[in-house]
Amino acid sequence: MTVAVALAVVAALAAPSPVDALVAEAVARDPEVALAEAAVLAARGAHQAATFLRANPTVDAAVGFGVPQVDLQLTQPVSVTGEGRAARREASAQVEAAAAGLARARLEAAAEVRLVLCDVAAGDRDAELARAAVQRARDVREAVEARVAAGDAPEVDAQLARLTEAAAVGEWLAASRAR
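Treat the numbers as computed from the prediction; the structure is a model and nothing was measured.

1. With respect to the overall build of the chain
Within the chain one finds five helices and two strands. Reading the helices (α) and strands (β) of the chain from amino to carboxyl end gives α-α-α-β-β-α-α. Put simply, the chain has 179 residues, and 23% of those count as buried. Counting contacts in the chain only where the partners sit at least 6 residues apart, residues at least 24 apart contribute 66% of the total.

If you want it as structure tokens, here you go:
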């Protein structure tokens, strides 16, 4: 479990909020999503670099002494073999791949958060069921102890009811700890 997921779950337990808002917050804090966003920005930068001029132009200037002459030369390398077009296609493909990676990272982070929320809900349910089992065991123990006091049941039944209640309390504590 990542730190972002743990923080989101703690925040959910501290102040209940809609699940979608909680998932969005956890996805925004997920480090894998941040890496994927950075990859998209880097791919877009590489695409921009490949789109216009692939190499910096050079400018040469010369001034003649004693003769009013100025030479100015501008040089720009141009690919005649299609290297520039191939670089642009590659950069476009990298942008698409990075965008797909970002979408996947967001989906995986959201799924992880939703799974953790399901685990929390299951833990709450288990703790509540265990608490109800303790109450039922307590009711049974009280009824059996009343029958023993009235002489309608042997003492061993009361002892078994106490053991059953103790086991239910143990299960409730375990469920509460797991939650």
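2. Re the pattern of salt bridges
Within the structure shown, the criterion is met by eleven salt bridges. For Arg114, the salt bridge is made with Asp20, and the minimal N-O distance between the two is 3.0 Å. Remark: Asp20 occurs in helix H2 (residues 19-29) and Arg114 occurs in helix H4 (residues 83-150); sequence separation between them is 94 residues. Between Glu145 and Arg162 there is a salt bridge, with the nearest N and O atoms lying 2.9 Å from each other. Taken as a pair, Glu145 in helix H4 and Arg162 in helix H5 (residues 155-178) lie far apart in primary sequence, 17 residues in all.

3. A closer look at the confidence of the model for the chain
For any part of a model where pLDDT is low, the fine detail of the predicted coordinates should not be relied upon. In the predicted model, the chain carries a mean pLDDT of 86, and 89% of its residues have values of at least 70. When mean pLDDT is taken per element in the chain, H5 scores highest with 93 and helix H1 (residues 3-14) scores lowest with 61.

4. Side note on the side chain of Arg141
Considering the arrangement of structural elements, one finds Arg141 in helix H4. Residue classification places Arg141 among the buried residues on the basis of a relative accessible area of 15%. Discounting residues that sit within four places of it in the chain, Arg141 has contacts with Ala161, Arg162 and Glu165.

5. Topic: the packing of helix H3 (residues 31-51) against H4
Where H3 contacts H4, the two axes come as close as 8 Å, and the packing angle between them is 165 degrees. On the basis of their axis angle, the class for H3 and H4 is roughly antiparallel. Here H3 runs over H4; the crossing is left-handed. Its residues assigned to classes, the contact of H3 with H4 shows 15 nonpolar, five polar and five charged.

6. Comments concerning the nonpolar core
Counting 16 residues, the largest nonpolar core has Val23, Val27, Val33, Leu102, Val113 and Leu117 as the members making the most contacts within it. Among the elements that take part in this core, H4 stands out by supplying eight residues, more than any other. Within the second largest apolar cluster, five residues are counted, among which are Val144, Ala153, Ala158 and Ala161.

7. Quick notes on the side chain of Asp30
Its place among the elements puts Asp30 in the loop between H2 and H3. Look at Asp30: it is buried, it has no salt bridge, and the nearest opposite charge is Arg106 at 9.6 Å. Separated by 2.9 Å, the side chain of Asp30 and the backbone nitrogen of Glu32 make a polar contact.

8. Considering the environment of Asp157
Mapped onto the secondary structure, Asp157 falls in helix H5. Under the relative-accessibility criterion, Asp157 is labelled partly exposed at 32%. Separated by ten residues in the primary sequence, Asp157 and Arg147 have C-alpha atoms spaced 9.4 Å apart.

Procedures and definitions
Residues numbered from 1 in each chain as written. Predicted model: local features only at pLDDT ≥ 70, side-chain atom pairs only at ≥ 80, totals over all residues. Heavy atoms only, no water. Helix = DSSP H or I, 4+ residues; strand = E, 2+ residues; numbered from the N terminus. Buried < 20%, exposed > 50% of the residue type's maximum accessible area, 1.4 Å probe, protein only. Contact = heavy atoms within 4.5 Å. Salt bridge = Lys/Arg side-chain N within 4 Å of Asp/Glu carboxyl O. pLDDT = per-residue confidence, 0-100. Axes fitted to C-alpha atoms, helices over the stretch in contact; angles between N-to-C directions. Parallel < 35°, antiparallel > 145°, perpendicular 65-115°, else oblique. Left-handed = near helix turned anticlockwise from the far one by under 90°. Nonpolar A, V, L, I, M, F, W, Y, C, P; charged D, E, K, R; others polar. Core = buried A, V, L, I, M, F, W, Y, C linked by side-chain atoms within 4.5 Å. Lys, Arg positive; Asp, Glu negative; His and termini not counted. Polar contact = N/O pair within 3.5 Å; in protein donor to acceptor, adjacent residues only side chain to side chain.

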